[in-house]
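Each chain is listed here by its residues.
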Amino acid sequence: MQIYNSLSGHKEKLVPIEPGRIGLYVCGITAYDDCHLGHARMMVTFDMVVRFLRMEGYAVHYVRNITDIDDKIIARAKKEDRDIGSIVEDCIQSMHKDAQALGIVAPDEEPRATLHMNEIITLIQQLMNKGYAYQQAQGDVLYSVRRFADYGKLSGKTLDSLRAGARVEVDPNKKDPLDFVLWKKARPGEPAWSSPWGEGRPGWHIECSAMSMRCLGKHFDIHGGGLDLKFPHHENEIAQSEAATGEIFSNIWMHNGFVQWEDEKMSKSLGNILTIRNTVQRHHPEAVRYWILSTHYRSPLRYDENELESARRSLARLYQTVAANSQETGTSPENDDRLAPIVEDFIDAMRDDFNTPKAISILFQLDRRIRQARQDGESDFAHQGALAMKRLAEPLGFLRSAPDEFAAYQPGLPAHLDHEKIDAMVSGRVEARRNKNWARADELRKELFAMGIVLEDSATGTRWHYQPGQGTSE
RNA sequence: GGCUAGGUGGCAGAGUGGUUAUGCAGCGGCCUGCAAAGCCGUACCACGUCGGUUCGACUCCGGCCCUAGCCUCCA
């Protein structure tokens, strides 16, 4: 198993600290708003990582934190005149719903900053004792970046180059402009905890150091998160943790790439986000997963409505294969070694830094073999192939629905379309067809198509579905 | 300005010093009242640009152009 380590800049063999066990910490959400597709990518990516490592036999201890105290949460509470707690709870609930929709395996632990104040304070105390932190005139406790020789090793920057291009406003109370807050002095009306440095709350970075060490120990295997956290968040985590413990913090750092919207990063600050909930309303959740995993996790991923539809169709093909070959048809040969090379190729692709696009392509090679076998009358082999396909789809989180359920999936109708009216038109056409009034039937079909409704006549009746982007009215 | 990734066929997206990626779309056939869905088959002088190395480069080296990202809260 090889994983690209952001810290070293190349792929490295995965060598667990404890044989057979992997400690994985991923930076989760800040609970102040709905999750968007960037969060979806983070969740799906590490879900795939966890699933595959477990498939490989590792006992993975997966920790994904929640930031439940932060400037943005406080700001929103003020703006909406709401209780911080209720905002946090709502956001967490919403995030869990999104994760569930996407079929994300729940983390083993989901620590929250406010529930680990003791660990946070202890860690800051250690940094104070060792001289890595100081309290400035206003009462904030800051980390002194100049004291940590390795500062910048993750982001590949030097303190001087950072300073040269810094757009940060210079705070005269800081020894270095890049010093960051460990403990923020309480302001009136803001939530606060008592500490040796007065009432206050933790800075953003310290919680992850404290909680990851609490859950996984001072030195663990993999730390992950979105690429936007690489600097300064992860850089600061390393500085805090390694300064405090004198040990290596995380062996491997994994960063997933951005989701882009029309060649720009999708982010809150640019206001070009799409929420998970909104997306899942229009596209099957598994298609969303497929779309995310059809690009390598480190590459940028452009949002494109057509690609999501394309993902659905690709998946539909695999589903059809599974459905057509799910029945045991006879005595299967003990084990067919014709499948082994394909399975091996799949595993190899995944072992190479989680090359999911390649792995998916091998799923389609398998698909081809199965269909071929079916045509050749080798239905036992086809059945075995279908079983293998389901097994290989597991780490990707594909093929988790019943095939007919997936086929029948309907995205939510846009508001301007009236379900009853459509049904009426469809029945009208069924009636016209019964009378062999083809002209009328075709006319109705055309009208429906213009609304984006596509019909399917079959022996068992007429089905219809809404197809975004089809027809004229959008 | 400093630092990172990238530029592959209509779209998306892997990979490799000389051999088919893969999916979607397209095209042809079967099926269908006609369609759709499904099934079968299938084309595409694809590898940013200019040089270099090599028997041979899309794949290695160098220059150039372009794109995205980080240097500020952000998955």
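Just so it is clear, the structure is predicted and the values come from calculations on it, not from any experiment.

## Details of the sheet that holds strand E4 (residues 59-64)
Alright, step 1. On the basis of which strands lie adjacent, the open sheet formed by four strands has the order E4-E3-E9-E10 and parallel pairing. Strands at the two margins of the open sheet, each flanked by one partner only, are E4 and strand E10 (250-256). The sheet shows a mean angle of 20° between the axes of neighbouring strands, direction not considered.
Alright, step 2. For strand E9 (residues 220-226) and E10, the ladder comprises six bridges, and the chain directions are parallel. In the sheet register, Gly-226 faces E10, and the bridge partner there is Asn-256.
Alright, step 3. Packed on one face of the sheet, helix H1 (residues 37-55) meets strand E3 (21-26), E4, E9 and E10 and runs near 165° to E4.

## With respect to helix H12 (residues 356-375)
Alright, step 1. Helix length check: H12, at 20 residues, gives a terminal C-alpha distance of 29 Å against a target of 28 Å (1.5 Å per residue), a fit within 8%.
Alright, step 2. Taken as a whole, H12 has its buried residues at Thr-356, Ala-359, Ile-360, Ile-362, Leu-363, Leu-366, Asp-367, Ile-370 and Ala-373. Projection of H12 onto a plane perpendicular to its axis shows the buried side chains occupying an angular sector of 160°, all on one side. With respect to the buried face of H12, the exposed residues turned more than 90 degrees away are Arg-368 and Gln-375.
Alright, step 3. Contacts from the buried residues of H12 go to H1, helix H9 (285-293), helix H10 (305-324), helix H11 (340-351) and helix H13 (379-393).
Alright, step 4. By the N-cap criterion, in which a side-chain oxygen at the helix start approaches the backbone nitrogen of a residue two or three places on, H12 is capped by Asn-355, the distance to Lys-358 being 3.2 Å.
Alright, step 5. Gly-377, located one to two residues past H12, shows a positive phi value of around 80°.

## Points about the protein's contact with RNA strand B
Alright, step 1. Looking at RNA strand B, there are 60 residues lining it, with Lys-72, Trp-204, Leu-229, Ser-314 and Arg-445 nearest.
Alright, step 2. A breakdown of the atoms of RNA strand B within 4 Å of the protein gives sugar and phosphate a share of 65%.
Alright, step 3. Met-266 is positioned with one of its backbone polar atoms (N or O) 2.5 Å from a base nitrogen of RNA strand B.
Alright, step 4. Between RNA strand B and Asn-355 there is a distance of 3.2 Å, counted from a sugar or linking oxygen to a side-chain nitrogen or oxygen.
Alright, step 5. A total of eight residues in the surface near RNA strand B trace back to one element, the largest contributor, which is H12.

## Observations concerning the side chain of Gln-260
Alright, step 1. Examined against the element boundaries, Gln-260 turns out to sit in strand E11 (residues 259-261).
Alright, step 2. There is a polar contact of 3.3 Å between the side chain of Gln-260 and the side chain of Arg-302.
Alright, step 3. Residues within four places of Gln-260 in sequence aside, it is in contact with Lys-265, Met-266, Pro-300, Leu-301, Arg-302 and Tyr-303.

## A look at the pairing of E9
Alright, step 1. Counting buried positions over the seven residues of E9 gives seven, a clear majority of the element.
Alright, step 2. Bridge count for E3 against E9 is three bridges, and the pairing is parallel. Looking at E9, one finds that Tyr-25 is bridged to His-223.
Alright, step 3. Since E9 and E10 lie parallel, the crossover through helix H7 (residues 230-245) that links them has a hand, and here it is right-handed.

## Considering the nonpolar core
Alright, step 1. Formed by 127 residues in total, the largest nonpolar core has its most connected members in Leu-53, Tyr-143, Trp-291, Phe-354 and Phe-398.
Alright, step 2. Considering every element that reaches this core, the biggest residue donor is H1, with 11 residues.
Alright, step 3. Mapping this core onto the domain boundaries places at least three of its residues in each of domain 1 (2-265) and domain 2 (305-408).
Alright, step 4. Apart from the residues lying within four places of it in its own chain, the contact partners of Leu-53 are Met-1, Leu-14, Ile-22, Tyr-58, Val-60, Ile-222 and Phe-354.
Alright, step 5. The next biggest cluster of nonpolar side chains, apart from the first, holds 11 residues, and it includes Val-426, Met-451, Leu-455 and Trp-464.

## Things to note about the packing of H9 against H10
Alright, step 1. Contact geometry of H9 with H10 gives a least axis separation of 8 Å together with a crossing angle of 105°. Comparing the axis directions of H9 and H10 gives the class roughly perpendicular. Together, Glu-286, Ala-287, Val-288, Tyr-290 and Trp-291 of H9 and Glu-307, Leu-308, Ala-311, Arg-312, Ser-314, Leu-315 and Tyr-319 of H10 make up the contact between the two elements.
Alright, step 2. Class assignment for the residues of the contact of H9 with H10 results in eight nonpolar, one polar and three charged.

## Details of the packing of aromatic side chains
Alright, step 1. This model, assessed by the stated rule, comprises 11 aromatic pairs.
Alright, step 2. Between Phe-220 and Phe-249, the aromatic rings sit 5.1 Å apart at their centres with planes inclined by 80°, giving edge-to-face as the arrangement. Of the two residues, Phe-220 is situated in strand E9 and Phe-249 in the loop between H7 and E10; the sequence distance between them amounts to 29 residues. Each member of the pair, Phe-220 together with Phe-249, is buried.
Alright, step 3. Their ring planes at 50° and their centres at 6.0 Å tell us that Phe-249 and Trp-253 sit as a pair that is tilted. Here Phe-249 and Trp-253 have matching classes, each one buried.
Alright, step 4. What links up through ring pairs into an aromatic cluster is the set Phe-52, Tyr-297 and Phe-354.
Alright, step 5. Lying across the ring of Tyr-134, Lys-175 places its NZ or CZ 4.3 Å from the centre.
Alright, step 6. One cation-aromatic arrangement involves Arg-338 over Phe-381; the distance from NZ or CZ to the ring centre is 3.9 Å.

## Focus: the side chain of Ser-267
Alright, step 1. Looking at the element boundaries, Ser-267 is found in the loop between strand E12 (264-265) and helix H8 (276-282).
Alright, step 2. For Ser-267, a relative accessible area of 10% translates into the label buried.
Alright, step 3. Residues within four places of Ser-267 in sequence aside, it is in contact with Asn-272 and Ile-273.

Calculation notes
Residues numbered from 1 in each chain as written. Chains lettered and ligands numbered in written order. Predicted model: local features only at pLDDT ≥ 70, side-chain atom pairs only at ≥ 80, totals over all residues. Heavy atoms only, no water. Pairing = 2+ DSSP bridges. Helix = DSSP H or I, 4+ residues; strand = E, 2+ residues; numbered from the N terminus. Axes fitted to C-alpha atoms, helices over the stretch in contact; angles between N-to-C directions. Contact = heavy atoms within 4.5 Å. Expected span 1.5 Å × (residues − 1). Buried < 20%, exposed > 50% of the residue type's maximum accessible area, 1.4 Å probe, protein only. Arc of directions from axis to C-beta. Polar contact = N/O pair within 3.5 Å; in protein donor to acceptor, adjacent residues only side chain to side chain. Near = heavy atom within 4 Å. Right-handed = clockwise from strand over helix to strand, strands pointing away. Core = buried A, V, L, I, M, F, W, Y, C linked by side-chain atoms within 4.5 Å. Domains from an automatic or database assignment. Parallel < 35°, antiparallel > 145°, perpendicular 65-115°, else oblique. Nonpolar A, V, L, I, M, F, W, Y, C, P; charged D, E, K, R; others polar. Phe/Tyr/Trp six-rings, centres within 6.5 Å; stacked < 30°, edge-to-face > 60°. Lys NZ or Arg CZ within 6 Å of the ring centre and 35° of its normal.

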